[in-house]
Amino acid sequence: MEYFLKLFLSGTAKGSIYALIALGYTMVYGIIQLINFAHGEIYMIGGFTALILGGFFFSNSMPVWLVLLFSVLLSIIYASAFGYTIEKIAYRPLRGKPRLSALISAIGVSIVLQNFVLLAQTEKFMPFPSYLPEFSWLQPYKEYINSTQLIILGVTAIIMVFLTLLIKFTRIGKAMRATAQDMHMAQLVGVDVNQVISVTFIIGSSLAAIGGVLICSYMGQINYYIGFVAGIKAFVAAVLGGIGSIPGAVLGSFILGWTESLGTGYISSDYEDAFAFVILIVILLIKPDGILGRTQRQKV
Amino acid sequence: MKSRSLLADIGKSFLIAIWFMVLLFPLMVMKVNVSKGVAQVQFRWNMLPLVGIAAFVLSLLWRFALEWNEKRGNDSRAGGPLAKLKALTSQYLGIAVVRKGALFILLAFALAYPFLFGMYHTNVMITAFIYIILALGLNIVVGLGGLLNLGYAAFFGVGAYTYGLLWKYVGHSFIAAGIDPGWLFWISLPLAGIIATLFGILLSLPVLRLRGDYLAIITLAFGEIFRMVMQNSGDITGGATGISLIPRPWLFNIKLTPQKAATYIYFIAIVLVLITIFVVRRIEDSKVGRALEAMREDEIACQAMGINLVRNKLITFALGAFWAGIAGVVMAAQTTYINPDSFTLWESIIILMAVVIGGTGSIPGAIGGAILLKLLPEYFRALAQYRMLIYGIAMILVIIFKPDGLIPRKRKQYTFKEKELAK
C-alpha cells in the first residue's frame, strides 16, 4: 500500500507537469484546430531562456529570489513573443488552407526551433540550477513528495482556475469561445479573430514557459530535445481528456501520469514512454473525442 | 491591392529587424556554459547586427513573396521566366519522341552509374533509391489518400527486421544445409512486403474512426511503440545493438567483393524502383486510386457516393506499408546491419518531407524530393550540421508558397478533340 501511495504521488507530480504543457496545446487546438507541434519547443525555449538569463543574473550576484522572479518573468515574455512570431510567420498564411498544411508547417517549425537552439547554444545536457525554495515543513514527507513537486502542483491548480475564469468571464474569453465555435460567424459579429488567435498563442506560450522553468528545475537538466517528447506526451494527455477542454487536459494529464508511474512501478520501467502511447490508442478506440470531450458530428 | 510605398516597406522591415534582435537576443547573443556547476554567460555581440540585417532582408523578401503569391493566385496566367521555362519543358516533354529519348538517356545513365563512379557513390545512390521507394509508398498514403502517417518508418523497420530476424534464426540452418544464406534476401523480399502489409492493416484498424490530426498522432504513437519494442526485447531482436552481419543477396553462388555487391544491390534497387513506379502509377489510375483521391478531397461526399471509407483506408495503409517493407529489406541488405535507431520518428518525418517538398500526390515529385533530400546532404558535407534546420525551413516555405510542392501533381483532365466530336 505504501509502495502504491508512493507511485501514486509521483504520478500526480508527473501529471501536473504534463498538465502545464497540455493546457497550452488544448487552448490552441480548441481555437484553430491545429496540433501545435512547436508547443513543446516553446516550452524548451522558455527553459533555456530562464537558464541563460538566470545564469547571467546569478553571476552578477543578485539575490536568489530576484533571480527567480526575473528569469521566470523574462522567460514568459520571451516564450510568448516566440509563440506570437511563430503564429504570424508559419500559421497565419495557412489559415483557410487544408488542415494538414498547417500541421506540416508546425512540424517544420518544431524542427527549425530544435535545431536553432542546438546550433545557437549547445547539444549537451546542461545542468539546470534550482532557484525554487525548499519548504522545511515538508522534510518529514520528502519520501513521498518534495517541495518542487508541491510547487508544480500548486501552480498547475492556480493556472487551471485562472484559465477557466478567463475563458468563462472575460471579454477576450468570450471572444475565444466564439472563435472556437465558428470563426466566420465570430468575424461577422465583430470579433477580431486575428487578435484572438494571437492572444491564445501568447497565453499558451507563457504557460509553456512557466512549465519549462518548473519542470527543468524539477529534472535538474535541460537540452534542446526535451521539448519534443514532453510535447508529444502532453498532447496525448490533452487528447485523453478531450482536446479543447481545459479541465479535460488536466484530467488527462493526471491519468497519464498515474498510468506511467504505476506502469513503470508494477510492470516494467523499459516501456515508460510506451504507456502513454498505448493508453492513447486505447482511449481513441473507445471514445475518440476523449474523456471530457464533446462528440462532434461532422457536417457538410 | 493597397498601394504601398517602398519607404513604408523599409520602415516596417526595420521594425521587424529590431523585433527579431530583441527576440533572439538571449539565444543568439548570449551563450551559456557550465563550469563547476555554475552557469557562465558569454556574450557574442557580433551576432546582434547579423541577426538584425538578416531579419531586415528576409522580412522584405518575405513580404514580396507573399504579395507575389497572392497575385499569382488571382491571375493564374501570370508568367515569369520560370513559368515560361516550365511551359516550354512540358511542351517538349509532351512530344513522345523527346520524352522517350529523355527517359532512355536517363535510364542509360542510371545503368552505367555504378561503373562510372566508385563504390561510395553507388552506395549513396542505393540509399537514394531506397528513399524513392519509401517516398512513393508514403505518397500513396499522404498524397493519394490524404491520411497523414507519422509512423511510416515503423513499416520500413518491419521490413528490415523481417530480413534481419530471418537471418538470425534461420540463417544457421541454411548454412548447415549448405544453402547460401543470401537466399534469405529473396525469401524476405516478398515476405517483408506481406508482413508490413499486415502491420499496416493492424495499424489502420484503430484509426479507421479517426480524422486528420488524430490519425497523425496515432501513427506517430505506433511508430514509437514499434521502436521501443525492438529496443527493449533484447533477447529476440538484439535490442539496441541490433542485428549485424546480415548476408548480401544471393547471386548464383558467386562470392562478391564489397564493390561488386554494391553494384549488384544497386541494380536490384533500380529494378525495385521501376516496379514501384509502374505499380503506383497503375494504382493511381485504377478504381481504387480514384476512390482514394475522392476520399482525400472530401470524406463525407465520398461516403455519399457509395465509396466504402473503411475499406479504402485499410487499402491505403496496406499499400503504403507494403513498399516500406520492401525498402526495409534492401536497406538491411545494403548496410548488413540494422538497429532500432534507423527507424525513429525523424526517419518518418524525413520521408514525409521528401513527399511534401517534392509535391504531395505527384509521383515525379516524390522521386525528386527523395533524391533531393538524400543526395544534397551527401555532397554538401560542410553544411551537415545545418541539414535539419534547412529541411525544416524548406518544409515551411514549400507549404506556404508552393503547397503543391516543387513538381506538382497533374490533375486528370479530359479535353474533347474535334475529331471525336465529329464521329
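The present account deals with the structure reproduced in this document. A quick note: this is a predicted structure, and the numbers were derived from the prediction, not measured.

Conventions adopted
Residues numbered from 1 in each chain as written. Chains lettered and ligands numbered in written order. Predicted model: local features only at pLDDT ≥ 70, side-chain atom pairs only at ≥ 80, totals over all residues. Helix = DSSP H or I, 4+ residues; strand = E, 2+ residues; numbered from the N terminus. Rg over C-alpha atoms; globule rule 2.2 N^0.38 Å. Buried ≥ 20, exposed ≤ 12 C-beta atoms within 10 Å, placed from the backbone. Contact = placed C-beta atoms within 7 Å. Axes fitted to C-alpha atoms, helices over the stretch in contact; angles between N-to-C directions. Parallel < 35°, antiparallel > 145°, perpendicular 65-115°, else oblique. Left-handed = near helix turned anticlockwise from the far one by under 90°. Nonpolar A, V, L, I, M, F, W, Y, C, P; charged D, E, K, R; others polar. Expected span 1.5 Å × (residues − 1).

1. A look at the overall build of chain A
Step number 1: Looking only at helices and strands, chain A features 11 helices and two strands.
Step number 2: Ordered by position from N to C terminus, the α and β elements of chain A give α-α-α-α-β-α-α-α-α-β-α-α-α.
Step number 3: Over its C-alpha trace chain A gives a radius of gyration of 19 Å, about what one expects of a compact globule, namely 19 Å for 300 residues.
Step number 4: Within chain A, buried positions represent 53% of all 300 residues.

2. Observations regarding the overall build of chain B
Step number 1: Across its full length, chain B holds 18 helices and two strands.
Step number 2: Relative to its 423 residues, chain B shows a buried fraction of 40%.
Step number 3: If you take every contact in chain B between residues at least 6 apart in sequence, the share linking residues at least 24 apart comes to 78%.

3. Some points on unusual backbone geometry
Peptide bonds are trans in most cases, and residues, glycine excluded, mostly fall at negative phi.
Step number 1: Here Q33 of chain A, not a glycine, exhibits a phi torsion of approximately 50°, which is positive.
Step number 2: Position of Q33 of chain A relative to the elements: it lies in the loop between helix 1 (2–32) and helix 2 (39–59).
Step number 3: Q33 of chain A gets classed as partly exposed once you count the C-beta atoms within 10 Å, which come to 16.
Step number 4: Here the phi dihedral of T336 of chain B falls at roughly 55°; this positive angle occurs in a residue that is not glycine.
Step number 5: Examined against the element boundaries, T336 of chain B turns out to sit in the loop between helix 14 (309–335) and helix 15 (345–358).
Step number 6: The class of T336 of chain B is partly exposed, set by 16 C-beta atoms lying within 10 Å.

4. Section: the interface of chain A and chain B
As a measure of interface size, the accessible area lost when the parts come together is often cited.
Step number 1: Facing 53 residues of chain A, the contacting portion of chain B comprises 42 residues.
Step number 2: Residue assignment for the side of chain A that touches chain B shows that the elements contributing at least two residues are helix 2, helix 3 (64–91), helix 4 (99–120), strand 1 (126–127), helix 9 (226–241) and helix 11 (272–286) of chain A.
Step number 3: Considering every element that reaches the side of chain A that touches chain B, the biggest residue donor is helix 4 of chain A, with 16 residues.

5. Description of the packing of helix 7 (residues 152–176) of chain B against helix 14 of chain B
Between two packed helices, both the angle of their axes relative to each other and the distance between the axes serve to describe the pair.
Residues and elements named next belong to chain B.
Step number 1: Two elements in contact, helix 7 and helix 14, have axes separated by 7 Å at closest approach and are oriented at 50°. Regarding the angle of helix 7 to helix 14, the classification is oblique. Crossing of helix 7 against helix 14: the hand is right-handed. For the pair helix 7 and helix 14, contact is made by Y152, F155, F156, G157, V158, G159, A160, T162, Y163 and G164 and by A321, A324, G325, I326, A327, G328, V329, M331, A332 and A333, respectively.

6. Some details on the packing of helix 3 of chain A against helix 4 of chain A
Residue and element names in this part refer to chain A.
Step number 1: Between helix 3 and helix 4, the shortest axis-to-axis distance is 10 Å and the interhelical angle comes to 130°. Between helix 3 and helix 4, the angle is such that the two are oblique. Two packed elements cross with a definite hand, and for helix 3 against helix 4 that hand is right-handed. Residue-level inspection shows I86, A90 and Y91 of helix 3 in contact with helix 4, the latter providing A102, S105 and V109.
Step number 2: A class-by-class count of the residues in the contact of helix 3 with helix 4 yields five nonpolar, one polar and no charged.

7. Digging into helix 11 of chain A
Step number 1: Under the 1.5 Å per step criterion, the end-to-end length of helix 11 of chain A is 22 Å for 15 residues, consistent within 8% with the ideal 21 Å.
Step number 2: For helix 11 of chain A, the set of buried residues is A274, F275, A276, F277, I279, L280, I283 and L284 of chain A.

8. Section: the environment of T179 of chain A
Residue and element names in this part refer to chain A.
Step number 1: Residue placement: T179 occurs in helix 6 (residues 171–181).
Step number 2: In this structure the C-alpha to C-alpha distance between T179 and A209, which are 30 residues apart in sequence, comes to 25 Å.
Step number 3: For T179, the contacting residues outside a window of four places in its chain are I31, A186, V191, V193 and V196.

9. Considering helix 17 (residues 387–401) of chain B
Step number 1: With 15 residues, helix 17 of chain B extends 21 Å from end C-alpha to end C-alpha; this agrees with the ideal 21 Å at 1.5 Å per step.
Step number 2: Those residues of helix 17 of chain B that sit buried are M388, Y391, G392, M395, I396, V398, I399 and I400 of chain B.
Step number 3: Where helix 17 of chain B is buried, its residues contact helix 3 and helix 4 of chain A together with helix 15 and helix 16 (363–379) of chain B.

10. Description of the environment of I268 of chain B
All names here are of chain B.
Step number 1: Structurally, I268 can be placed in helix 11 (residues 258–285).
Step number 2: In this structure I268 comes out as buried when scored by C-beta crowding, with 21 C-beta atoms within 10 Å.
Step number 3: Each C-alpha atom, one on I268 and one on P249, is 9.3 Å from the other, the two residues being 19 residues apart in sequence.
Step number 4: Among all residues touching I268, those that are not within four sequence positions of it are P249 and V330.

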